[in-house]
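Chains, contacts and geometry: an overview
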Amino acid sequence: VELNAAQSRFISNVSHELRTPLFNIKSYVETLHDLGDQLTEQEKQEFLGIANAETDRLTRLVNDVLDLSRLESDRVWQLEPLEVAPAIEQTLRTYRLNADDRGVTLALEADPTLPRVLGNWDLLLQVFDNLVGNALKFTKPGGMVRLRAYPWPDSCRLEPGNAPGDNPTCALTSPLPRLRIEIADTGCGISPSDQERIFERFYRVENAVHTEAGTGLGLSIVRGILDKHGTQARMASEPGVGTTFWFDLPLEQSDGDE
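Right, let's walk through the structure included here. (Residues numbered from 1 in each chain as written. Predicted model: local features only at pLDDT ≥ 70, side-chain atom pairs only at ≥ 80, totals over all residues. Heavy atoms only, no water.)

A few points about the side chain of R180
Locating R180 in the fold gives a position in strand β5 (residues 178-185). Residues within four places of R180 in sequence aside, it is in contact with R148, A149, Y150, W152, W246, F247 and D248. (Helix = DSSP H or I, 4+ residues; strand = E, 2+ residues; numbered from the N terminus. Contact = heavy atoms within 4.5 Å.)

Next comes the structure, spelled out in structure tokens:
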């Protein structure tokens, strides 16, 4: 019953999201068709520009829905050893011009000899693309988006024993080290109430800083992709300070249990 209800809500949300751009495209194209001779050249260009932008919006939505559907299917995704640094660098090259136009600095902190991970190249590129794209949307001019990659836990800090003669000990947070990826921004931050719902389908954080239209599916796709990699995204955010997303990827030699 819960699955059927969730599917009904999903179909309802998709229908609603599709209806808006389709209505806008039809309205402006219909106006061009019926009143073309009465419109100025500037008005024609404006109407065509709006119809084109709405078509792009519709394409993004359809692609996101298809991506989410693929991730939630029973398909088995092949994970193979790969270098994650080139994927991060490719994402930064993709967004470099966008960041320069916004006056935002993109920074990368990663050891050149990072261990290889088990992953799917195309899916991880999509994760980086969604998270970096979101970070840029929320960051004001003069801010920074920083990507970090490092083994975790990479060291075990020894703590003194509680009793005389006890050996120093440390608390490990995982059985074996993984590769941790962080995407941090100095943007407007996310309120605690929004943080609770940020990974829900079609949920969008709207404020004075974030004015760009989105599908509200980006973080749901991120969650689905990372689930295929046996991990999950975590976040820390404070309004007015910024937001950091991070996740851990299994290393090349990890087996299924690890």
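Notes on the sheet that holds β5
Read from one edge of the open sheet, five strands run β2-β4-β5-β7-β6, paired in mixed fashion. Strands with a single pairing partner mark the edges of an open sheet, and in this sheet they are β2 (105-110) and β6 (234-238). Along the sheet, successive strands turn relative to each other by an average axial angle of 15 degrees, direction set aside. Bridge analysis of β2 against strand β4 (residues 144-152) gives six bridges, and the strand direction is parallel. Note on β4: the bridge partner recorded for L106 is V145. Each of β2, β4 and β5 touches helix α3 (residues 85-102); the most contacted strand, β2, lies at about 165 degrees to it. (Pairing = 2+ DSSP bridges. Axes fitted to C-alpha atoms, helices over the stretch in contact; angles between N-to-C directions.)

With respect to the packing of aromatic side chains
In the structure shown here, the tally under the stated rule is three aromatic pairs. Summarising the aromatic geometry, the rings of Y150 and W152 are spaced 6.4 Å apart at their centres and angled 85 degrees between planes, so their arrangement reads as edge-to-face. For Y150, a relative accessible area of 15% gives the class buried. The partly exposed category is assigned to W152, whose relative accessible area is 32%. (Phe/Tyr/Trp six-rings, centres within 6.5 Å; stacked < 30°, edge-to-face > 60°. Buried < 20%, exposed > 50% of the residue type's maximum accessible area, 1.4 Å probe, protein only.)

Some points on the packing of α3 against helix α4 (residues 121-138)
Relative to each other, α3 and α4 sit at 25 degrees, their axes nearing to 9 Å. One way to sum up the angle between α3 and α4 is to call them roughly parallel. Regarding α3 and α4, the two cross each other, and that crossing is right-handed. Contact with α3, carried on its side by P86, A87, I88, Q90, T91, Y95, N98, A99 and R102, involves W121, L125, F128, D129, V132, G133, L136 and K137 of α4 and no other residues of that element. (Parallel < 35°, antiparallel > 145°, perpendicular 65-115°, else oblique. Left-handed = near helix turned anticlockwise from the far one by under 90°.)

Any functional reading would require information that these geometric values do not contain.
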